[in-house]
Amino acid sequence: MSLDDVDNVSAIPKTMKAAVYHQAGHPATFDTVPVPSPGERELLLKMRATSLCHSDVGVISGEYGPGVFPIIGGHEAVGIVAALGHGASSYGFKVGDVVGATAWHGACLECSGCSYGKQYCDTLKAKGINAPGYFAEYCALDASLAIPVTPPDGVPLERLAPVFCAGITVWDALERAKIRPAETIAIIGAGGLGQLAVKYAAALGATVIALDVRDEQLEACKAPDGTGASHIINTSGLTSPELCKRVREVNGGKLLNCLIVTTGALPAYAASFPLVAPEGRIIAVGVPPGPIPVSAAYLSRNNISFIGAKIAGTESAIRCLDFTLSRNLLPKIHPRQFKLEDLNEMIDLMKAGKVENGRMVVSFK
Ligand SMILES: [Zn+2]
Ligand SMILES: [Zn+2]
């Protein structure tokens, strides 16, 4: 299908500016490339805001192998529907709609994986890794995986972009944890993902304990109005029995009902198992480089559930967006309004761990 076959293309240019990663370890270049033509079931989005995720840094550092290059980066964003493929309107979208754009793209809707959820498609693609991403003025998106957004008055779309990777990832973990009010949950890893998990868990009525080895990240989890962590524990230098003792001290003598590991650090996983009470749940979000040391005897003796949570589906993402907006839990974003050409500087800041000011967002205004 060419752009000329698609409705409402009059204002769409033939070319656009895009941030392209050409090879591992090299900065993105800002290339002029053709505006994509939406496929049969695709939306053409005019991008409004795209935020930088740690996975982007992984791509540009070569963690996904040399085969991904060249690639337009970016996988969490908000855009406006500029045109639709002929089969896309049946998903309820029209020109001018605001859409949340996640990493997932190109579900076949026919394979056995898709029968469990489109996010499990055997041939699913990931934006910014093996499908062109959102650090571009336009992007084509699978309409079956697009998230409809009704932005409240006065909420800039930049605030919403991080919901569509960071937000939905931790929300999905909390849904899988089946967290109940009055339970105590610990979030291990108090970076951007962990801070969002703390906010959501507290809003769900849980008592939240944040664990990390970095004081400044832990402090960011606290909120004077009760919307943050009830307790923070710096785990640096603590032995496993000492950490259990600290948790019991702040939790009425008890261990945890639930624990979400947002970091990929192996010691975080090793520390997590002894902290969970009988019938507790451990949710794995962060992916360590090697196997996780876990004793099946320990899990079975205490009826502990060890649950993976990495890929949120569309329905979970919609529930996340609803909860985020209704409870005013929008992710913290960097006060500076970045332009596409600032992307390499943003990547350098993230590599240096300078993320305390919030998610960095490129605005396409
Ligand atoms: Zn991401
Ligand atoms: Zn499929």
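Since the model is a prediction, treat every value here as computed from it, not as a measurement.

1. Comments concerning the overall build of the protein chain
No. 1: When its secondary structure is counted, the protein chain shows 11 helices and 17 strands.
No. 2: Taking 2.2 N^0.38 as the reference for a compact globule, 365 residues should give roughly 21 Å; the C-alpha atoms of the protein chain span a radius of gyration of 21 Å, in line with that estimate.
No. 3: Across its three principal axes, the protein chain shows a C-alpha extent of roughly 65 × 45 × 40 Å.
No. 4: Considering only intrachain contacts with a sequence separation of at least 6, the fraction spanning at least 24 residues in the protein chain is 67%.
No. 5: Working note: accessible area of the protein chain is about 15700 Å², and carbon and sulfur atoms make up 54% of it.
No. 6: The average position of the 32 basic charges and that of the 34 acidic charges among the side chains of the protein chain differ by 6 Å.

2. Brief notes about the coordination of the zinc ion (ligand 2)
No. 1: Only Cys 108 (SG), Cys 111 (SG), Cys 114 (SG) and Cys 121 (SG) from the protein reach the zinc ion (ligand 2) as donors, at distances of 2.3 Å.
No. 2: In primary sequence terms, the donor set of the zinc ion (ligand 2) follows C-x2-C-x2-C-x6-C.

3. Side note on the packing of helix 1 (residues 54-61) against helix 11 (residues 343-351)
No. 1: At their nearest, the axes of helix 1 and helix 11 sit 10 Å apart, and the two run at 105 degrees to each other. Taken together, helix 1 and helix 11 sit at an angle that is classed as roughly perpendicular. Contacts from His 54, Val 57, Ile 60 and Ser 61 of helix 1 reach helix 11 at Ile 347, Met 350 and Lys 351.
No. 2: Residues of the contact of helix 1 with helix 11, tallied by class, amount to 4 nonpolar, 2 polar and 1 charged.

4. Considerations on the coordination of the zinc ion (ligand 1)
No. 1: Those protein atoms acting as donors to the zinc ion (ligand 1) are Cys 53 (SG), His 75 (NE2) and Cys 165 (SG), and they sit at 2.0 to 2.2 Å.
No. 2: Mapped onto the sequence, the donors of the zinc ion (ligand 1) take the spacing C-x21-H-x89-C. Placement of the pair is Cys 53 in the loop between strand 3 (42-51) and helix 1 and Cys 165 in the loop between helix 3 (157-160) and helix 4 (166-177), with a sequence separation of 112 residues. Here Cys 53 matches Cys 165 in class, with each residue buried.

5. Description of the UniProt feature "domain: Enoyl reductase (ER)" (unreviewed entry) in the protein chain
No. 1: Annotation from UniProt places "domain: Enoyl reductase (ER)" (unreviewed entry) at residues 25-362.
No. 2: In this annotation, residues 25-362 is assigned 27% helix and 23% strand; the end-to-end C-alpha distance for the span is 21 Å.

6. Remarks on the sheet that holds strand 1 (residues 15-21)
No. 1: Read from one edge to the other, the open sheet built from 3 strands follows the order 2-1-4, with strand pairing classed as antiparallel. Each edge of the sheet is formed by a strand with only one pairing partner; in this case those strands are strand 2 (29-34) and strand 4 (71-72).
No. 2: Across 2 bridges, the pairing between strand 1 and strand 4 is antiparallel. Each residue of the ladder has a partner; that of Val 20, found in strand 4, is Ile 72.

7. Re the layout of surface pockets
No. 1: For the second largest pocket, the calculated volume is near 410 Å³.
No. 2: Lining the second largest pocket we find 25 residues, and of these Gly 191, Gly 192, Gln 195, Leu 196 and Lys 332 sit closest to its centre.
No. 3: Here the residues of the lining of the second largest pocket sort into 12 nonpolar, 8 polar and 5 charged.
No. 4: For the lining of the second largest pocket, the domains that each give at least three residues are domain 1 (3-155 + 330-363) and domain 2 (167-308).

Quick notes on the rules
- Residues numbered from 1 in each chain as written.
- Chains lettered and ligands numbered in written order.
- Predicted model: local features only at pLDDT ≥ 70, side-chain atom pairs only at ≥ 80, totals over all residues.
- Heavy atoms only, no water.
- Helix = DSSP H or I, 4+ residues; strand = E, 2+ residues; numbered from the N terminus.
- Rg over C-alpha atoms; globule rule 2.2 N^0.38 Å.
- Contact = heavy atoms within 4.5 Å.
- Areas by Shrake-Rupley, 256 points an atom, 1.4 Å probe, with all protein chains shown as cover.
- Lys, Arg positive; Asp, Glu negative; His and termini not counted.
- Charge placed at Lys NZ, Arg CZ, Asp CG, Glu CD.
- Donors = N, O, S within 2.8 Å, 3.2 Å for Na, K, Ca; no water.
- Axes fitted to C-alpha atoms, helices over the stretch in contact; angles between N-to-C directions.
- Parallel < 35°, antiparallel > 145°, perpendicular 65-115°, else oblique.
- Nonpolar A, V, L, I, M, F, W, Y, C, P; charged D, E, K, R; others polar.
- Buried < 20%, exposed > 50% of the residue type's maximum accessible area, 1.4 Å probe, protein only.
- UniProt positions renumbered as here; feature names shortened; annotations may be inferred.
- Pairing = 2+ DSSP bridges.
- 1 Å grid on protein atoms, 1.4 Å probe; cavity = no way out; pocket = protein on both sides within 12 Å on 5 of 7 lines; lining within 4 Å.
- Points joined across faces, edges and corners; volume = space filled by probe spheres on them.
- Domains from an automatic or database assignment.

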